[in-house]
Amino acid sequence: MIVVDRATAVIPVNSDDTAAAAVVLTGHGTLTALCALFENVWDAARPLVGPAVRDSRGLSGQESAALRLLSEGHTDEAIAKRLGVSPRTARRIATELMERLGARSRFEAGVRAVQHGWLPARV
């Protein structure tokens with residue numbers, strides 16, 4: 001999304017292919033809503049630089065939440081919605097966790113996560 005002087009907004013028609021087409025919006029109500037959305041997202045943003053805060057297990061809050069959701073059987077899409085990230089980011093987080101655990105499958109990652117104390121063992 002591009003907003004110019006709070007008077008014009010350019011938004012891609014397809015978020016998966018932003019180069020395909022865009023729509024230009026000039027309506028006052030629409031622009032007010034888009035600017036409010038931008039301000040809200042901006043206020044909730046975190047810096048891209050700097051180390052993530054890690055717990056005693058070496059997991060960031062996002063990694064810990066993703067691991068818990070994976071253990072509950074959620075899909076990447078569901079995890080993405082719960083974490084407020086894209087499905088691609090959710091898959092990247094899962095892949096990085098699997099690599100850190102030395103696992104070749106998500107099942108093996110779950111077993112290793114329990115062995116490492118990253119997840120509680122359930123009986």
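From a predicted model like this one, the values you see are computed outputs, not experimental measurements. Each chain has its residues counted from 1, running along the sequence as written. Per-residue local features of the predicted model are confined to residues with pLDDT of at least 70, and side-chain atom pairs are confined, for both listing and counting, to 80 or more; whole-chain, interface and lining totals are unaffected and use all residues. Only hydrogens and water are set aside when side-chain values are computed; all heavy atoms of the structure are taken into account.

Caption draft 1: Representation of the overall build of the protein chain within the structure. Going along the chain from the N terminus, every DSSP run of H or I of four or more residues is numbered as a helix, and every run of E of two or more is numbered as a strand. Each helix and strand counted, the protein chain has 5 helices and 3 strands in total. Its helices and strands taken in sequence order, the protein chain reads β-β-β-α-α-α-α-α from the N to the C terminus. We take the radius of gyration over the C-alpha atoms and set the globule estimate at 2.2 Å times the residue count to the 0.38 power. Taken over C-alpha atoms, the radius of gyration comes to 19 Å for the protein chain, far larger than the 14 Å a tight globule of 123 residues would show. Classification of residues uses two cut-offs on accessible area relative to the type maximum, computed with a 1.4 Å probe and protein chains only: under 20% is buried, over 50% is exposed, and between them is partly exposed. In the protein chain, which comprises 123 residues, the share counted as buried stands at 22%. All tallies of charge rest on Lys and Arg as positive and Asp and Glu as negative; His and the ends of each chain are not included. Lys charges are placed at NZ, Arg charges at CZ, Asp charges at CG and Glu charges at CD. Averaged over its 15 positive side-chain charges, the protein chain has a centre that lies 7 Å from the centre of its 13 negative ones.

Caption draft 2: Representation of the pairing of strand S2 (residues 8-12). When strand S1 (residues 2-4) meets S2, the two strands line up antiparallel, connected through 3 bridges. From the neighbouring strand, Ile2 faces S2, where its bridge partner is Val10. In short, DSSP must find at least two bridges between two strands for them to pair. Between S1 and S2, which pair antiparallel and follow one another directly, the connecting turn spans 3 residues, one of which, Asp5, has a positive phi of 55 degrees. As paired elements, S2 and strand S3 (residues 22-25) share 4 bridges and run antiparallel to each other. Bridge pairing links Ile11 to Val23 in S3.

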